[in-house]
There are 2 protein chains.
Amino acid sequence: MKPIIGVDVGGTKIAVALARHDGTIIERSKRRTKAELGPEGVIHRIAETIQQTLDSADMTPKQFLAVGLGMPGPLNPDKGIIYHTPNLPGWKNVPVADLLSSELNLPVYLENDVNVGTMGEHALGAGIGTQDMVGIFVGTGIGGGVILGGKLHSGHRSGAGELGHMVVAAGGPYCGCGRQGCIEAVASRTAVVRAIKAGVAAGRTHKLSEDGEMPERITSGTIARAWERKCPLTREIISRTQWYLGLHAASIINMIDPEMLVYGGGLVEAFGDAFLKPLIATAKQYMLQHTGPETRIVTAKLGDDAGTLGAAVMARQRIS
Amino acid sequence: MKPIIGVDVGGTKIAVALARHDGTIIERSKRRTKAELGPEGVIHRIAETIQQTLDSADMTPKQFLAVGLGMPGPLNPDKGIIYHTPNLPGWKNVPVADLLSSELNLPVYLENDVNVGTMGEHALGAGIGTQDMVGIFVGTGIGGGVILGGKLHSGHRSGAGELGHMVVAAGGPYCGCGRQGCIEAVASRTAVVRAIKAGVAAGRTHKLSEDGEMPERITSGTIARAWERKCPLTREIISRTQWYLGLHAASIINMIDPEMLVYGGGLVEAFGDAFLKPLIATAKQYMLQHTGPETRIVTAKLGDDAGTLGAAVMARQRIS
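What this report covers is the structure whose coordinates are included nearby. What you see is a predicted model; the values in this text were computed from it and never measured.

Rules used in this analysis
- For every chain, the first residue of the written sequence is number 1, and numbering continues from 1 along that sequence.
- Naming scheme: in the order in which they are written, chains are lettered from A and ligands are numbered from 1.
- Local features in this predicted model are restricted to residues of pLDDT 70 or higher, and side-chain atom pairs are both shown and tallied only at a pLDDT of 80 or more, whereas totals for entire chains, interfaces and linings draw on every residue.
- Based on all heavy atoms of the structure, the side-chain values leave hydrogens and waters out of the count.
- Throughout, a residue-residue contact means that at least one pair of heavy atoms, one from each residue, lies within 4.5 Å.
- Note: buried area is the sum, over both parts, of the accessible area (probe 1.4 Å) each one loses when the two are combined.
- Here, a salt bridge means any side-chain nitrogen of Lys or Arg that lies within 4 Å of a carboxyl oxygen of Asp or Glu.
- A run of H or I in DSSP becomes a helix once it reaches four residues, and a run of E becomes a strand once it reaches two; helices and strands are each numbered from the N terminus.
- Note that Gly is not counted as nonpolar here; it falls among the polar residues with everything else outside the nonpolar set of Ala, Val, Leu, Ile, Met, Phe, Trp, Tyr, Cys and Pro and the charged set of Asp, Glu, Lys and Arg.
- The definition of a polar contact used here is a pair of N or O atoms within 3.5 Å, where within protein one atom must be able to donate a hydrogen and the other to accept one, and adjacent residues in sequence count solely through side-chain atom pairs.
- Pairing between strands is defined by DSSP: at least two bridges between the two strands are required.
- Only the contacting stretch of a helix is used when fitting its axis, a line to C-alpha atoms as for every element, and angles between N-to-C directions run 0 to 180 degrees.
- Least squares is the method for superposing the copies, and the C-alpha atoms it fits come from residues with pLDDT of at least 70 in both.
- Note that a disulfide, as used here, is simply two cysteine sulfur atoms within 2.5 Å.
- Each residue's exposure class comes from its accessible area (1.4 Å probe, protein chains only) as a fraction of the maximum for that residue type: buried when under 20%, exposed when over 50%, partly exposed otherwise.
- These descriptions rest on fixed angle ranges, namely under 35 degrees for roughly parallel, over 145 for roughly antiparallel, 65 to 115 for roughly perpendicular, and the rest for oblique.
- Note on convention: near helix rotated counterclockwise from far helix by under a right angle means a left-handed crossing. Clockwise means right-handed.
- Both cavities and pockets are sets of points on a 1 Å grid over the protein atoms alone; in a cavity a 1.4 Å probe fits but cannot get out, in a pocket the set is open with protein on both sides within 12 Å along at least five of seven lines, and lining residues sit with an atom within 4 Å of a point.
- Grid points are joined across faces, edges and corners, and a volume is the space filled by probe spheres set on the points.
- Remark: nonpolar core denotes a set of buried residues (Ala, Val, Leu, Ile, Met, Phe, Trp, Tyr, Cys) joined through side-chain atoms within 4.5 Å.

Turning next to the interface of chain B and chain A. Between chain B and chain A, the contact holds 46 residues from the first and 46 residues from the second. With both sides pooled, the region where chain B packs onto chain A buries about 4300 Å², and carbon together with sulfur makes up 57% of that total. Sorting the residues of chain B by area buried against chain A places H156, R157 and M255 of chain B first, and these three jointly supply 21% of that buried surface. Counting across the chain B and chain A interface gives 2 salt bridges. Among the ionic pairs, R157 of chain A bridges to D257 of chain B, the shortest N-O distance being 2.9 Å. Breaking the side of chain B that touches chain A down by element, the ones donating at least two residues are β10 (142–148), α7 (232–256) and α9 (276–286) of chain B. With 9 residues, α7 of chain B is the largest single contributor of residues to the side of chain B that touches chain A. Of the residues contributing to the side of chain B that touches chain A, the split by class is 22 nonpolar, 18 polar and 6 charged.

The structure is reproduced here in structure tokens:
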């Protein structure tokens, strides 16, 4: 079976992996997206990054079956069109699959980045062997994907998996999407950082850095280290975040009762497995009890490779 | 094709319909459950009600394919066992399908009552022709069912469709289930009645009856008539209820993106189509926008027959 070129394109970086069927990687590379170049420039950079990766592996496009491309949406996976995307200025109704395909002479399959991450975890990561699995990625925002019967569930308008915009706090804080009380508005890294800044601004004691200074940039790593240092402010906010995510998990389980929830994304990865314990306790309290095997709630396994490997998995599924 | 005996058993009544394949009803009847008789007594009453209905139609069990039985859970549809159910005292691990089957000499198929109602609406009511549809029933509680790919989605532990226990108001009012902020706790008829009573107790002006007296029992009909009379308290509470249900609808759509949501249950039926307009407006605000056909949000069509017809549909699907 020929390998596939898995590509993950976000607002900041382009990642490429030459992936075999079993999930092993022949070669990988990464470069900055330079979103300011606009669609044409970025697509050209994607093609260049792929070419460079092929060169390092001493391979040619002909040796590959296809390109799988994960990108932020909204997008149309069937037509391979990006409608628009907040982190890539100038992208409006861009037929990225066709454009990239003609640069490489290979078929290109496009899918939403978090759906792709979920497909990767399902086929090659934490969800191997499950039929119904939900992926939840907690970072700048909260995204997700729904696997039902072993396949990505896209929904009627390819709109399924927008798990970050399920409302858990009716009338609560405004979300980046303009609505109120979405789980993303109360439990993403963005929400955590906002709560930390509000606490610090109000004079709360914190241990956000070794020297007690307020760091310039608060990353997921900053938050995880403050938590390890027992920063009281961070502990309070993370505890609330885990509670919200637990309620959200239970809502998903009460609705479609999957076998497994898989958590990834920058915030979860910075903490590791410890992040899930309180979340699971809340989820168990809020999920209705039924007989049968327990719902498993676990961390993602593919880490940095989730996007590229997932894109390769997605392309292989779409071909077959 | 032989007809099926559809049976709907709740805490207050047993309903039976002799249902043809096309959803037409040969004969129907209804009697009180007399839950106080306990499992044996109630199962005997179910058998009697069926026999009585057969007698009225001058038919015998042999002329039927099976019995479809919808009951409140938690239950095990495969084994035909009711684990327990709040409205039927004494029911604990009752193998109701086997017991009823030996009284009638017909196979008996058991399923959760709201799943059954959803299957009825899907096969014979508002959802005809849809592949992915969600049924939401708003009455004393809030229940639901999820149809995916034209079939009931049961989930990993037969726990799917517990839509009333998705959390929309984290940390909000206690729910009948013991948890907090479930949609059932803020938007069921029970929640509406509680809010009305709290308003009246605080001296709020109301028009809950023609003469301005507080009615002894507040039914869905009482609420709908007060709303028509422009009772300011009722209007405020119903408006909030519709808003909560709209957020809940959007959460479901953002997660699995079905073709259609169908609303039934006592509270929705008492108001009719008018109930859905504000709910739809909120849902549209909160569902992420995608291209493709719009999600339809409609009222149920089968009314009082939803339970029995749905049970017949369920049995026919389980046989084939």
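Turning to the side chain of R179 of chain A, a few remarks are in order. Residue position: R179 of chain A is located in the loop between β11 (151–152) and α4 (183–187). Within the local environment of R179 of chain A, its side chain forms a polar contact with the backbone oxygen of Q285 of chain B, the two atoms lying 2.7 Å apart. Apart from residues no more than four positions distant in its own chain, R179 of chain A is found in contact with P173 and Y174 of chain A together with Q285, Y286, M287, L288 and Q289 of chain B.

All names here are of chain B. Reading across from one edge, β11-β10-β9-β12-β13 is the order of the 5 strands in this open sheet, with mixed pairing throughout. At either margin of the open sheet sits one strand with a lone partner, and together these are β11 (151–152) and β13 (296–299). The sheet contact formed by strand β9 (residues 133–138) and β10 spans 6 bridges and is antiparallel. Its bridge partner being in β10, V138 is matched across the sheet by I142. Together, β9, β10, β11 and β12 (260–264) form the strand contacts of helix α3 (residues 113–124), whose direction differs from that of β10 by roughly 50 degrees.

Our next topic: the relation of the copies chain B and chain A. It takes a turn of 180 degrees to lay chain B on chain A, together with a shift of 0.0 Å along the axis; the resulting RMSD is 0.0 Å. Both copies of the chain, as the preceding transformation shows, are related through a two-fold rotation axis. Looking at the interface residues of chain B, 100% of them are also at the interface in chain A, so both copies use one shared face.

With respect to the element layout, G159 of chain B can be found in the loop between β11 and α4 (183–187). Here the alpha-carbon distance between G159 of chain B and L75 of chain B, two residues 84 residues apart in the chain, equals 9.4 Å. Non-local contacts of G159 of chain B, meaning those with residues more than four positions away in its chain, are made with I253, N254, D257 and H290 of chain A together with S154 of chain B.

This paragraph deals with the state of the cysteines. Among covalent bonds in proteins, the disulfide is the one between the sulfur atoms of two cysteines. All names here are of chain B. Tallied over the full model, the rule gives 0 disulfides over all chains. With no disulfide partner, C177 has as its closest neighbouring cysteine sulfur the one in C175, 3.7 Å distant. Cysteine C182 remains unbridged, with the sulfur of C177 as its closest cysteine sulfur at 3.8 Å. On the basis of relative accessible area, C182 is assigned to the buried category, the value being 0%.

Let us now look at the packing of helix α7 (residues 232–256) of chain A against helix α9 (residues 276–286) of chain A. Residues and elements named next belong to chain A. Axis separation between α7 and α9 bottoms out at 7 Å; the angle between their running directions is 45 degrees. As far as their axial angle goes, α9 and α7 are oblique. Relative to α9, α7 is oriented so that their crossing is right-handed. Residues Q242, W243, L245, G246, L247, A249, A250 and N254 of α7 pack against P278, L279, T282, A283 and Y286 of α9. Here the residues of the contact of α7 with α9 sort into 9 nonpolar, 4 polar and no charged.

What follows is about empty space enclosed by the protein. Here the idea is plain: a probe the size of a water molecule rolls over the atoms and shows the empty space left. Under the defined criterion, the tally for this structure stands at 1 cavity of 30 Å³ or more. In this model, the largest cavity occupies a volume close to 30 Å³. Every residue lining the largest cavity is listed: M166, V167, V168 and S251 of chain A together with M166, V167, V168, H248 and S251 of chain B. For the lining of the largest cavity, the class distribution of residues is 6 nonpolar, 3 polar and no charged.

Moving on, we come to helix α6 (residues 220–228) of chain B. The periodicity of an α-helix, 3.6 residues per turn, causes residues three or four places apart in sequence to face the same way. All names here are of chain B. Of all the positions in α6, only S220, T222, I223, A224 and A226 are classed as buried. Close packing links the buried residues of α6 with α5 (189–201), α7 and α8 (266–271). Measuring from the backbone nitrogen of G221 back to the side-chain oxygen at the start of α6 gives 3.2 Å, which picks out T219 as the cap. Once α6 ends, the next one or two residues include K230, with phi positive near 60 degrees.

Moving on, we come to the packing of helix α5 (residues 189–201) of chain A against α7 of chain A. Residues and elements named next belong to chain A. It is the contact of α5 with α7, at a shortest axis distance of 10 Å, that shows an interaxial angle of 145 degrees. Where α5 crosses over α7, the two elements pack in a sense that is right-handed. Side by side, α5 and α7 meet where V192, A195, I196, G199 and V200 of the first sit next to L233, T234, I237, I238, R240 and T241 of the second. Along the lines of polarity and charge, the residues of the contact of α5 with α7 split into 7 nonpolar, 3 polar and 1 charged.

Within this structure, the stated rule accounts for 18 salt bridges over all chains. E236 of chain B serves as the salt-bridge partner of R204 of chain B, at 2.8 Å between the closest nitrogen and oxygen. On the criterion of sequence distance, the pair formed by R204 of chain B in the loop between α5 and α6 and E236 of chain B in helix α7 is long-range, its members being 32 residues apart. Ionic pairing is found between E236 of chain B and R240 of chain B, a salt bridge with its closest N-O pair at 3.9 Å. Of this pair, E236 of chain B and R240 of chain B both sit in helix α7, 4 residues apart, which is roughly one turn of that helix. A single network of salt bridges, built from pairs that share partners, joins R204, E236 and R240 of chain A.

A separate point is the nonpolar core. Core analysis: the largest hydrophobic core is formed by 96 residues, its most contacted members being Y263 of chain A together with Y263 of chain B. Other than its neighbours up to four places away in sequence, Y263 of chain A contacts I136, V138, L245, A249, V268, L276, L279, I297, V298, T299 and A300 of chain A. Among the nonpolar cores identified, the runner-up in size contains 31 residues, and V16, L54, V96 and L100 of chain B belong to it.

Bear in mind that shape data such as this cannot, by itself, settle questions of function.
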